[in-house]
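Below, each chain spelled out in residue letters.
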Amino acid sequence: GGNKPRSKAQKWVLSTTEGGLGITVTGQFPVDDLQLNTVGGVYSDVSTVNQAHPISQWIRGQLETVTLVSQFFAEHRDDEITTRFQDLLRLARRDEVLMRPPSCVFSFGTKLSMTCFVEHVANISFGSLRPDGTPQRIHFTLTLRAYTSSVVIPIDPSVPEHQSRMRQAKTGDTYES
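Residues numbered from 1 in each chain as written. Predicted model: local features only at pLDDT ≥ 70, side-chain atom pairs only at ≥ 80, totals over all residues. Heavy atoms only, no water.

1. Notes on the nonpolar core
Link 1 in the chain: If you look at the biggest cluster of nonpolar residues, it comprises 25 residues, and the most contacted ones within it are Trp12, Leu14, Leu88, Phe106, Phe140 and Leu142.
Link 2 in the chain: Broken down by secondary-structure element, the contributors of at least two residues to this core are strand E1 (12-16), strand E2 (23-26), strand E6 (65-73), helix H1 (82-92), strand E7 (104-108), strand E8 (112-126) and strand E9 (137-146).
Link 3 in the chain: Those residues in contact with Phe106 that sit more than four places away from it in its chain are Trp12, Val13, Leu14, Val66, Leu68, Leu112, Ser113, Met114, Cys116 and Leu144. (Core = buried A, V, L, I, M, F, W, Y, C linked by side-chain atoms within 4.5 Å. Buried < 20%, exposed > 50% of the residue type's maximum accessible area, 1.4 Å probe, protein only. Helix = DSSP H or I, 4+ residues; strand = E, 2+ residues; numbered from the N terminus. Contact = heavy atoms within 4.5 Å.)

Next comes the structure, spelled out in structure tokens:
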């Protein structure tokens, strides 16, 4: 068929089985402008007495996102691309059972794979419309947010909290000590 990518290296796939959705969306064409965004951390600079430069302290990591530009194109008269696009939009919307969008696996070719959420589908433009009103082409930007599962552990009120890092200053103490 006309909806198959030209090579496996050009193929992107976004799929989920979470929440019983079982949605898989496959790109048709090479990805335009694949970007890995925000790798690194958030820092705080702390000034201290008699220091020429502030001390930089790593506070936390930043969330990684992937952005790509792609399109769906109806190559033949019988090709229907709106269902594929609606599936993509469903992956970006809040699922009523999960109370959030479903987690997905994004893969591109054979080397790039990440667990993610669809952060948003943006810059959507529709090419010429057919006589029945369906689009011949849908062009869009897809942003994916990296996802790592985590577990929140309830606090046991009978166990005392960690000791504070605060200390009462005494005569002779300096800020640096």
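2. What about the confidence of the model for the chain?
Link 1 in the chain: This prediction gives the chain a mean pLDDT of 82; 88% of its residues lie at or above 70.
Link 2 in the chain: In the predicted structure, residues 1-6 sits below a pLDDT of 50 and forms 14 contacts with residues beyond four places in sequence or in another chain. (pLDDT = per-residue confidence, 0-100.)

3. Topic: the sheet that holds E1
Link 1 in the chain: With antiparallel pairing, seven strands are arranged side by side in an open sheet as E2-E1-E7-E8-E9-E6-E3. Where the open sheet ends on each side, the last strands, each with one partner, are E2 and strand E3 (32-37). Direction aside, neighbouring strands of the sheet carry axes that sit 30° apart on average.
Link 2 in the chain: The pairing of E8 with E9 spans eight bridges and is antiparallel. If you follow Val121 over to E9, its bridge partner there is Leu142. (Pairing = 2+ DSSP bridges. Axes fitted to C-alpha atoms, helices over the stretch in contact; angles between N-to-C directions.)

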